[in-house]
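# Geometric and topological summary
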Amino acid sequence: MTTGGMPAATAEEDKGGLRTALAGLTTRGRSFLAAGIAAAVCAYVLGQSDLLRVGLLLAVLPLVCTAVLYRTRYRVAGSRRLSPARVPAGSEARVHLRMDNVSRLPTGLLMLQDRVPYVLGPRPRFVLDRVEALGRREVSYRVRSDLRGRYPLGPLQLRLSDPFGMCELTRSFSTYDTLTVVPRVEALPPVRLTGEAKGYGDGRHRSLALAGEDDVIPRGYRYGDDLRRVHWRLTARYGELMVRREEQPQRSRCTVLLDTRGIAFDGAGPDSAFEWAVSGAASTLVHMLERGFSVRLLTDTGTSVPGEGADGFAGASQESADAAGLMMDTLAVIDHSDGTGLSRAYEVLRGGNEGLLVAFLGDLDEEQASVLAKMRQRSGGAIAFLLDSGAWVRGAPDEQGEERLRMLREAGWTAVAVPPGVSLADLWREADRQRIGVASTGSTAGGGDS
C-alpha cells in the first residue's frame, strides 16, 4: 500500500499557502466578505455601531473559515492500492483509495479526484461526507486499457471545504502508482513442435560429465562426497582424493525472437500486426517457462530482458513467475525500432547451442530471409510466424510473402503465415502438423532410398 501524506510547509510556503487559501474563497465566502466590508463602511459613514458589528461578523466569518481550513489541511492522509498492479490488455484493474482523518477534529465535505491518463478512462471523482475524528473512508474505481504500456496513476487531488461552504482548498498528494498493462497471453496446446532434436523436447535432460574412464573432468574431494565416486587412478596421479562428477542436469533452451523493425509492420492500434506479434511472443515465453525451458527474449536490435542470465530465465522453478513478470514488463513498453535488419540478433545467437528458436517476423526482404536462413543453422529447431502487412492492412496478401515462406522452409524453418484474426493456438497446432508432415516426407524418402 502506498501512503501519501501532506508534508509540513516552511515559513515561505505558509505565506504563499495563505494567499492560495484566500484565493480559494467560494462565491458564498466572497459574498459574505464583500457584504461585511460594505456594511462596515456604511456603519462608519452613518455612525451605526450595531451595523458595524454585523459587518464585522459577515467579514470575519469567511476569513475564520479560511484560517481554520488552512491550519487543518495537513491532517488528512491518503493511500492507493492497485488490484492487480499488472493486468493484461483489455482487462480491468481496480484502484482502491483510502482517506484517513488523522486529526482529532472532524472534516468538512471532501472531494477526491485521481489523475489518470485518458487511455484509462475519465478522471474519477468522489464526494465524501464529513469524516469523523481519526476516521477513514474508502472508495474504488476501475480502469481498463486496450493498449499495453505503463500508466501513472496520481497524484491524488483532495478538495477540502469548511462546514459553511465559505472556502475550498485543493491539495495534491506527492505519491503516485504505476499500472502496467502487459500483452494478452493466450494458452497454447502442449504439442511437441520440436521432435527429438538437440536442445529442446522435455524441459530437462541429463548429460554425462565424463566421456570415458580416462577422459574425466574431476574435482577435489569434498566433505560428504560418496566414496564410491572416488576416481582412484586420478587420485594416485594427483596425490589427493579426486571424485568423478555426477550427471549434470541440462535445461532445454528456447529463444523467442521478436521483430520490432518499424519498416516491417504497417498499421497501429490493438488489432495491428505488431501487437499480435508482441502478444504471440508473450504467449510463447509463458508457455515455454511453464514447460521448464530456459527462455530468452531477443529482439532484432540484439537486446534482451534486463537481468536475465546467459541462458535466459529458468522455468519450472520458484523464480519462473518473477521471470515471466520481468518479460511481461519488457513487452509492455516495447516499441518499434529504427533498425533495418536482423543481423544484430544473428550475432547474439551462439553457434549450434540455442535449442528451439521461435520467431515472430514482419515483412522480409531477400536479404533478411538469408539472415534467417543462417540463424537456422545456429539452433536445434526453428519456428517462424510470418505476418504480412499487406494482408493485415490492405486485406490482400503480398506475393513476396509466399516467396519468403518458401525460402524459410527450404532453409529448415517451420514457417507459418499469420492471417488476420487467427489465434496463436491454431497456428501452434498448424506448425506441429507442418513439422509432422515434413518428418513423414523425410521418412518416406529415406525408405525409398534404402
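Each value, and the rule that gives it
Residues numbered from 1 in each chain as written. Predicted model: local features only at pLDDT ≥ 70, side-chain atom pairs only at ≥ 80, totals over all residues. Heavy atoms only, no water. Helix = DSSP H or I, 4+ residues; strand = E, 2+ residues; numbered from the N terminus. Buried < 20%, exposed > 50% of the residue type's maximum accessible area, 1.4 Å probe, protein only. Contact = heavy atoms within 4.5 Å. Areas by Shrake-Rupley, 256 points an atom, 1.4 Å probe, with all protein chains shown as cover. Pairing = 2+ DSSP bridges. Expected span 1.5 Å × (residues − 1). Arc of directions from axis to C-beta. Axes fitted to C-alpha atoms, helices over the stretch in contact; angles between N-to-C directions. UniProt positions renumbered as here; feature names shortened; annotations may be inferred. Polar contact = N/O pair within 3.5 Å; in protein donor to acceptor, adjacent residues only side chain to side chain.

### Re the overall build of the protein chain
If you tally the helices and strands in the protein chain, you get eleven helices and 21 strands. Evaluated residue by residue, the protein chain yields a buried proportion of 45% over its 450 residues. When contacts within the protein chain are restricted to residue pairs at least 6 apart in sequence, long-range pairs at least 24 apart make up 74% of them. A total accessible area of about 23500 Å² is found for the protein chain, and carbon and sulfur atoms account for 52% of it.

### What about the pairing of strand β11 (residues 177–182)?
Side-chain positions along a regular strand alternate between the two faces of the sheet. With five of six residues buried, β11 is to be regarded as a mostly interior element. Pairing between strand β3 (residues 86–88) and β11: three bridges, direction parallel. What sits directly across from Arg86, in β11, is Thr180.

### Looking at helix α2 (residues 27–46)
The end-to-end C-alpha distance of α2, which contains 20 residues, comes to 28 Å, matching closely the 28 Å that a straight helix rising 1.5 Å per residue would cover. The complete set of buried residues in α2 reads Gly29, Gly36, Ala39, Ala40 and Ala43. Looking straight down α2, one finds its buried side chains confined to an arc of 100 degrees; they lie on one side. Seen from the open side of α2, the exposed residues pointing more than 90 degrees away from its buried face are Thr27, Val45 and Leu46. The elements touched by buried residues of α2 are α3 (49–71).

### A short note on the sheet that holds strand β8 (residues 149–153)
Sheet architecture is open: three strands sit in the order β3-β11-β8, paired in mixed fashion. Here the strands that pair on one side only, and so sit at the sheet edges, are β3 and β8. Mean inter-strand twist for the sheet, computed between neighbouring axes without regard to direction, equals 25 degrees. Where β8 meets β11, five bridges bridge the pair, whose relative direction is antiparallel.

### Focus: the UniProt feature "transmembrane region" (unreviewed entry) in the protein chain
Those places that UniProt annotates as "transmembrane region" (unreviewed entry) correspond, in this numbering, to residues 29–46 and 52–70. Helix makes up 100% of residues 29–46 and strand 0%, with an end-to-end C-alpha separation of 25 Å. The span residues 52–70 is 100% helix and 0% strand, and its two end C-alpha atoms sit 27 Å from each other.

### What to know about the environment of Arg94
By secondary structure assignment, the location of Arg94 is in strand β4 (residues 92–101). Along the chain, Arg94 and Arg142 lie 48 residues apart, while their C-alpha atoms are 4.4 Å from each other. Not counting chain neighbours up to four residues away, the residues in contact with Arg94 comprise Arg81, Leu82, Ser83, Ser140, Tyr141 and Arg142. Engagement of the side chain of Arg94 in a polar contact is seen with the side chain of Ser140, the distance being 2.9 Å.

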